[in-house]
Amino acid sequence: MTARRAAASDRPAPAKRGARRAPGRPVGGEQALREALIDAALQAFAGAGFAASTLRGIARAAHVTPALANYYFGSKEGLLAAVVELRVQPLFEQLAAAMAGAGDDPLAALAAFAQTYTRLALSHPWGPQLVVREVLSAGGALREAFAQRFAGNISRLLAEHVAKAQQLGHIDAALDPRLTALSLLSLCVFPVISAPVLAVTLGLRLDADAAMALANHHWRVFARGVETE
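Structure report, in brief.

One can describe the packing of helix H6 (residues 106-123) onto helix H9 (residues 177-193) by two numbers: an axis separation of 10 Å at closest approach and a directional angle of 15°. One element, H6, and the other, H9, form an angle in the roughly parallel class. In this structure, the crossing between H6 and H9 has a hand that is right-handed. Counting all contacts with H6, which are made through Leu 110, Phe 113, Ala 114, Tyr 117, Ala 121 and Leu 122, the residues of H9 involved are Leu 184, Leu 185, Cys 188, Val 189 and Val 192. By residue class, the composition of the contact of H6 with H9 is eleven nonpolar, no polar and no charged.

This is the structure in structure tokens:
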């Protein structure tokens, strides 16, 4: 073999027509493509809403073809299910774990909820947006599933901790445990849902950096309001 032929044989083979990767397309194989599609769907559902989002638009945002999105998830509904399982569910698992980490102290568990919920909601702003669009709005695609799988479980858990704290004499026994749990939920949930307008109405900027101060404020207001007289 001549030197010229040997040099030519060491060169990489030219790319086949149509095989060049599209600019911005995720790399790393099938898992990376699936993750990119889930993230694109999450942003679409939280931003424009489930009904206004299309599989084609989600695929375009993820830099893949609609055919590939359909191959991995089957439909827009399949992507929504993946968003719930792989993005929403882990946040609630973190919330439940933080409360369980408080041990047998019901007040510590309630405080852990206030701190962890506020931190997660402000560091994942798509969460409150998704709740407003697909849970609170009429006809929301996640209303029933969210109520049964997440909100219902957390609400019951909070009410159980309130009742236990009442039995221990830490919370006023005259208070309804369910309404008391609702009060804590209201303190924590409303600010993160209304965060986009609070800068205008109250001059407050709520972001991940403000999470701890906000959570501590919630807890002080709640604890002083429900303490035994």
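Once the structure has been displayed, the description carries forward.
With that settled, consider the nonpolar core. Ranked by size, the top nonpolar core spans 64 residues in total, and within it Leu 37, Phe 45, Phe 113 and Leu 158 carry the most contacts. What Phe 113 contacts, discounting residues up to four positions off in sequence, is Leu 95, Met 99, Thr 118, Ile 154, Leu 158, Leu 184, Leu 185 and Cys 188.

In total, this model carries eight aromatic pairs according to the counting rule given. Taking 4.6 Å as the distance between ring centres and 20° as the angle between the ring planes, the aromatic pair formed by Phe 92 and Phe 150 counts as stacked. Separated by 58 residues along the polypeptide, Phe 92 in helix H5 (residues 76-100) and Phe 150 in helix H8 (residues 143-167) bring together distant segments of the chain. Just as Phe 92 is buried, Phe 150 falls in that class too. With centroids separated by 5.7 Å and ring planes inclined at 20°, the aromatic side chains of Phe 113 and Tyr 117 adopt a geometry described as stacked.

So, about helix H2 (residues 30-47). Given a rise of 1.5 Å per residue, 18 residues ought to cover 26 Å, and the 26 Å separating the end C-alpha atoms of H2 matches this to within 8%. Leu 33, Ala 36, Leu 37, Ile 38, Ala 40, Ala 41, Leu 42, Ala 44, Phe 45 and Ala 46 are the residues of H2 that are buried. Along its buried surface, H2 packs onto helix H3 (55-61), helix H4 (66-73), H5 and helix H7 (126-136). Positive backbone phi, at 100°, marks Gly 49, one or two positions downstream of H2.

Burial in H4 covers these residues: Leu 68, Ala 69, Tyr 72 and Phe 73. One side of H4 carries all its buried residues, which in axial view fall inside an arc of 110°. Opposite the buried face of H4, by more than 90 degrees, sit the exposed residues Ala 67 and Tyr 71. If you follow the buried residues of H4, they end up packed against H2, H3 and H5.

Right, let's get into the pattern of salt bridges. According to the stated counting rule, one finds five salt bridges in the structure shown. Measuring nitrogen to oxygen at the nearest pair gives 3.4 Å for the salt bridge that ties Asp 176 to Arg 178. When its relative accessible area of 62% is taken as the criterion, Arg 178 is described as exposed. When salt bridges that share partners are traced, they join Glu 35, Asp 39 and Arg 87 into one network.

Scoring rules and cut-offs
- Position numbers for residues count from 1 along each chain, tracking the sequence in the order it is written.
- Restriction of local features to residues with pLDDT of at least 70 applies here, the model being predicted, together with a cutoff of 80 or more for giving and counting side-chain atom pairs; totals for whole chains, interfaces and linings are based on all residues.
- The side-chain values count all of the structure's non-hydrogen atoms but skip hydrogen atoms and water molecules.
- The axes are straight lines fitted to the C-alpha atoms, using for helices just the contacting stretch, and the angles between their N-to-C directions are given from 0 to 180°.
- Each helix is a run of DSSP H or I of at least 4 residues and each strand a run of E of at least 2, with the numbering of both proceeding from the N terminus.
- If an angle is under 35 degrees, it is roughly parallel; if it is over 145, roughly antiparallel; if it lies from 65 to 115, roughly perpendicular; otherwise it is oblique.
- Helix crossings get a hand from a simple test, with the near helix turned counterclockwise from the far one by less than a right angle marking a left-handed crossing and a clockwise turn marking a right-handed one.
- Any two residues having at least one pair of non-hydrogen atoms within 4.5 Å are treated as being in contact.
- Under the grouping applied here, Gly and all other residues not named as nonpolar or charged are polar, the nonpolar ones being Ala, Val, Leu, Ile, Met, Phe, Trp, Tyr, Cys and Pro and the charged ones Asp, Glu, Lys and Arg.
- We define a nonpolar core as any set of buried Ala, Val, Leu, Ile, Met, Phe, Trp, Tyr and Cys residues linked to one another through side-chain atoms lying within 4.5 Å.
- Summary of the burial criterion: residues with accessible area below 20% of their type's maximum are buried, those above 50% are exposed, and those between are partly exposed, where the area comes from a 1.4 Å probe applied to protein chains only.
- Whether two aromatic rings pair depends on their centres lying within 6.5 Å, for rings of Phe, Tyr and Trp, where Trp uses its six-membered ring; planes under 30 degrees apart make the pair stacked, over 60 edge-to-face, and the rest tilted.
- One fewer than the residue count of a helix, multiplied by 1.5 Å, yields its expected span.
- By definition, the arc is the one covered by directions from the helix axis to the C-beta atoms.
- Only one rule defines a salt bridge in this text: a Lys or Arg side-chain nitrogen within 4 Å of an Asp or Glu carboxyl oxygen.

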